[in-house]
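An overview of the molecular structure
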Amino acid sequence: MSAIKYTKDHEWVRLDGDVATVGISDYAQAQLGDVVFVEVPDVGKSVQQGDEAAVVESVKAASEVYAPVSGEVVGVNGDLEGNPAAVNEAAMDGGWFFQMRLSDPAELDGLMDEATYTDYVKELG
Amino acid sequence: MRYLPLSQPDREALLGRIGVTNIDALFKDVPGAARLDGPVDLPPHASEMDVERQLGAMARKNITAGDVPFFCGGGAYKHHVPASVDHIIQRSEFLTSYTPYQPEITQGTLQYLFEFQTQISELTGMEVANASMYDGSTATAEAVLMAHRVKRRKKAVLSGRLHPHYTGVVENLSDMGGYELVQKDPTLSGDEKLADLVDEDTSCVVVQYPDFFGSVEDFTELAAAVQAKGALLIVAVTEIVSLGLLRAPGDMGADIVVGEGQSIGNGLNFGGPYVGLFATRQKFVRQMPGRLCGETVDSDGKRGFVLTLSTREQHIRRDKATSNICTNSGLCALAFTAHMTLLGGAGLRKLAILNHEKMLELVSRLEAETGMKPANDMFFNEITVELPVPAAQVVEALAKNNIIAGIPVSRLLPNAKMDNQLLIAATETVTDRDIDTLISALKEVTA
């Protein structure tokens, strides 16, 4: 299992073999507040890096979740339909959104590592 | 002095920013013939009394629906609205009958909207209804767009028995959205085989119940066939009183039920404002357009009402909103709710029976005295009859004698080669004497 990488839009991605799991960061879930709905993509859908892939709704806002890397969606977290609060409780773990098979693993190199992301979030205040 | 907040440089800056040279460029989608190319031919000034007198004279050229035997339907029905409805909707508690921007402060408004939604759910046999749309036609177009979102497909199949105005509004919104439409030609009867037209790009099939020509059809098999191909069945109801007697579309398997609520609580109003009805299955609620009121409890455990699922809406979701509707037909929905509450379930059923009985009476007299029969196997309060001469001529001739005999089908479908077909509606407001007058006049004109 590789290290977790982050995007500027607060998605995280973790590569395991050739399948990457994608979610939103703990910072993102805290900013959103209570998550009430998650719309995940269809399995089999191809996305380019930066495409809208999912939607997360909280009591305050609805936000798009962008594909952190390019590839094909191979799995989605079905638990979120009945328990969207999992995003708040375990954003980095049980609250994952979808899994994808990467078409260009080199894209991961352009994302932030844990330390860089922590600094990035600090700067946002 | 007129107060115009924008100066000419302001206007130029605004137009420049969006990349057009003048304001007219923004109206190029409006057909030239419908655009004004100069000032309206009116005198520059007249006194209030003069204007009243002139307009009064013009208004007297109209034949008022309530003054004469009146048999028009076609999506707008003349029903009796009790005076108590008018009284209730003018109460100060309802004075701001608009969905408010700070919604929870107006519990009365939210409560009647919640009750309105409950009434629509029960009438249509669906699990969830919204707080209303502009009218039946826009509700139908919104239902098509919703089906596209739910199914992630982009083609809709429209029955040839859908009200032509509804078809037109669906066409408009589909064109603008880049969606595809398959439209059946208008036919009075026979199986349209709509499910055969559903392919893997098709999100929905739209039918009307009772249909534009007045016929009542069971859509249970169609619903199953359409759903088996992965699409949704949308049922549009233009005469909502019919649901007091007919099987609810939800019970036939409809996925979205839309309709026009004018018949309950609202007058003909020259064609608007009306009130669009929109109901669907719980599982599709997040893709449903419009405002939605929910019942909840406050911090003291007391019953209260809120606007719910607002994240579907434009003020939160911006360009990703399910619809650009940010409002509802508040006053018309209030009138609907008040009238429906006064009627109650038993009252609505009685009203529906009264409507159907009037039409049965009309049909039996028509058959016995003119030999003409309705083209419909089954109907509620509206029929289509083939006359021996063009219907438009007959309607025109009867109108000269203060009888409004119905709607010539050619008026709404000029190219359908149905010139001799006449749409006749009979509601509870039609008296036996009105029927006498119509039958004798028809006998004379068609003899």
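The structure displayed is predicted, hence computed values, not measured ones.

Moving on, we get to the overall build of chain B. The secondary structure content of chain B amounts to twelve helices and twelve strands. Taking 22 Å as the expected radius of gyration for a compact globule of 447 residues, we find that chain B reaches 24 Å, a close match to that expectation. In terms of overall dimensions, chain B has a C-alpha envelope of 65 × 60 × 45 Å along the principal axes. Of all 447 residues assigned to chain B, the portion counted as buried reaches 50%.

Next up on the list: the domain arrangement of chain B. All names here are of chain B. When its domains are assigned, chain B resolves into domain 1 (83-341) and domain 2 (344-445). With centres defined by C-alpha atoms, the gap from domain 1 to domain 2 works out at 28 Å. On the side of domain 2, 24 residues touch domain 1, which itself brings 21 residues to the contact. Surface buried jointly by domain 1 and domain 2 totals about 1,900 Å² across both partners, of which 72% is contributed by carbon and sulfur atoms. Of all residues in domain 1, the largest losses of buried area upon contact with domain 2 belong to Leu188, Phe213 and Leu245, amounting jointly to 28% of the total for that side.

This next bit is on the packing of helix α9 (residues 330-370) of chain B against helix α12 (residues 432-446) of chain B. Residue and element names in this part refer to chain B. The N-to-C vectors of α9 and α12 enclose an angle of 30°; their axes lie 10 Å apart at closest approach. One way to sum up the angle between α9 and α12 is to call them roughly parallel. As for the relative orientation of α9 and α12, their crossing is right-handed in sense. In this structure, α9 contributes Lys358, Glu361, Leu362, Arg365, Leu366, Glu369 and Thr370 to the contact, and α12 contributes Asp432, Ile435, Asp436, Leu438, Ile439, Leu442 and Lys443. Counted by class, the contact of α9 with α12 contains six nonpolar, one polar and seven charged residues.

Residue and element names in this part refer to chain B. Here we have three strands laid out as an open sheet, ordered β10-β12-β11, and antiparallel in their pairing. Whereas interior strands pair on both sides, the edge strands pair on one side only; in this sheet they are β10 (382-386) and β11 (407-408). Pairing geometry for β11 and strand β12 (residues 421-425), over two bridges, is antiparallel. Opposite Ile407, over in β12, you have Leu423 as the bridge partner. Across the face of the sheet, α9 comes into contact with β10 and β12 while running at roughly 15° to β10.

Residue and element names in this part refer to chain B. Where helix α4 (residues 107-124) contacts α9, the axes come no closer than 9 Å and their chain directions differ by 50°. Taken together, the axis directions place α4 and α9 in an arrangement best described as oblique. Crossing of α4 over α9 shows left-handed handedness. Together, Tyr112, Glu115, Phe116, Gln119, Ile120 and Leu123 of α4 and Gly330, Ala333, Leu334, Phe336, Thr337, Met340, Thr341 and Leu348 of α9 make up the contact between the two elements.

As a further point, take the layout of surface pockets. For the largest pocket, the calculated volume is near 1,500 Å³. As for the largest pocket, its lining consists of 45 residues, and the residues nearest its centre are A:Glu39, B:Arg149, B:Val150, B:Arg152 and B:Gln287. Elements with a minimum of two residues in the lining of the largest pocket: β4 (35-39), β6 (52-58) and α2 (79-82) of chain A together with α5 (136-151) and α8 (314-317) of chain B. Among the elements that line the lining of the largest pocket, the one with the most residues is α5(B), at seven residues. For the second largest pocket, the calculated volume is near 1,200 Å³. Taken together, the elements giving at least two residues each to the lining of the second largest pocket come down to α5, α6 (164-177), α10 (391-400), β11 and α11 (409-412) of chain B.

Residues and elements named next belong to chain B. Scanning the entire structure with this criterion turns up 16 salt bridges over all chains. With its nearest N and O atoms 2.5 Å apart, the salt bridge here joins Lys155 to Asp199. With Lys155 in strand β2 (residues 155-158) and Asp199 in the loop between β3 (180-183) and β4 (202-208), this pair connects stretches of sequence that are 44 residues apart. Linking Glu313 and Arg291 is a salt bridge whose minimum nitrogen-to-oxygen distance equals 2.9 Å. In this pair, Glu313 sits in the loop between β9 (303-307) and α8 while Arg291 sits in the loop between β7 (276-280) and β8 (293-297), placing the two residues 22 residues apart along the sequence. The exposure class of Glu313 is buried, given its relative accessible area of 2%.

Contacts between the two partners involve seven residues from chain B and, on the opposite side, 13 residues from chain A. For the chain B and chain A pair, buried surface summed over both sides reaches about 880 Å², with 39% attributable to carbon and sulfur atoms. Here chain B and chain A share three salt bridges between them. Note that B:Arg152 and A:Asp42 form a salt bridge whose closest N and O atoms lie 3.4 Å from each other. At the junction of chain B and chain A, the tally comes to two residue pairs in polar contact (both at pLDDT 80 or more). Looking at the side of chain B that touches chain A residue by residue, the class counts come to one nonpolar, two polar and four charged.

All names here are of chain A. Spatial strand order, β4-β6-β7: three strands in an open sheet with antiparallel pairing. Taken across any chain shown, the strands that pair with only one partner, and hence form the sheet edges, are β4 and β7 (62-66). Here the average twist between neighbouring strands, direction ignored, is 25°. Looking at chain direction, β6 and β7 are connected through five bridges and run antiparallel. Paired with Ala54 across the bridge in β7 is Val65.

On to the pairing of β3(B), then. All names here are of chain B. As judged from the four bridges shared by β2 and β3, these two strands associate in the parallel manner. Paired with Lys155 across the strands is Glu180, a residue of β3. Considered for its hand, the β-α-β crossover made up of β2, α6 and β3 is right-handed.

What follows deals with the side chain of B:His163. For B:His163, the location among the structural elements is in the loop between β2 and α6. In this structure the side chain of B:His163 is engaged in a polar contact, spanning 3.0 Å, whose partner is the backbone nitrogen of B:His165.

Criteria and thresholds
Residues numbered from 1 in each chain as written. Chains lettered and ligands numbered in written order. Predicted model: local features only at pLDDT ≥ 70, side-chain atom pairs only at ≥ 80, totals over all residues. Heavy atoms only, no water. Helix = DSSP H or I, 4+ residues; strand = E, 2+ residues; numbered from the N terminus. Rg over C-alpha atoms; globule rule 2.2 N^0.38 Å. Buried < 20%, exposed > 50% of the residue type's maximum accessible area, 1.4 Å probe, protein only. Domains from an automatic or database assignment. Contact = heavy atoms within 4.5 Å. Buried area = accessible area lost by both parts, 1.4 Å probe. Axes fitted to C-alpha atoms, helices over the stretch in contact; angles between N-to-C directions. Parallel < 35°, antiparallel > 145°, perpendicular 65-115°, else oblique. Left-handed = near helix turned anticlockwise from the far one by under 90°. Nonpolar A, V, L, I, M, F, W, Y, C, P; charged D, E, K, R; others polar. Pairing = 2+ DSSP bridges. 1 Å grid on protein atoms, 1.4 Å probe; cavity = no way out; pocket = protein on both sides within 12 Å on 5 of 7 lines; lining within 4 Å. Points joined across faces, edges and corners; volume = space filled by probe spheres on them. Salt bridge = Lys/Arg side-chain N within 4 Å of Asp/Glu carboxyl O. Polar contact = N/O pair within 3.5 Å; in protein donor to acceptor, adjacent residues only side chain to side chain. Right-handed = clockwise from strand over helix to strand, strands pointing away.

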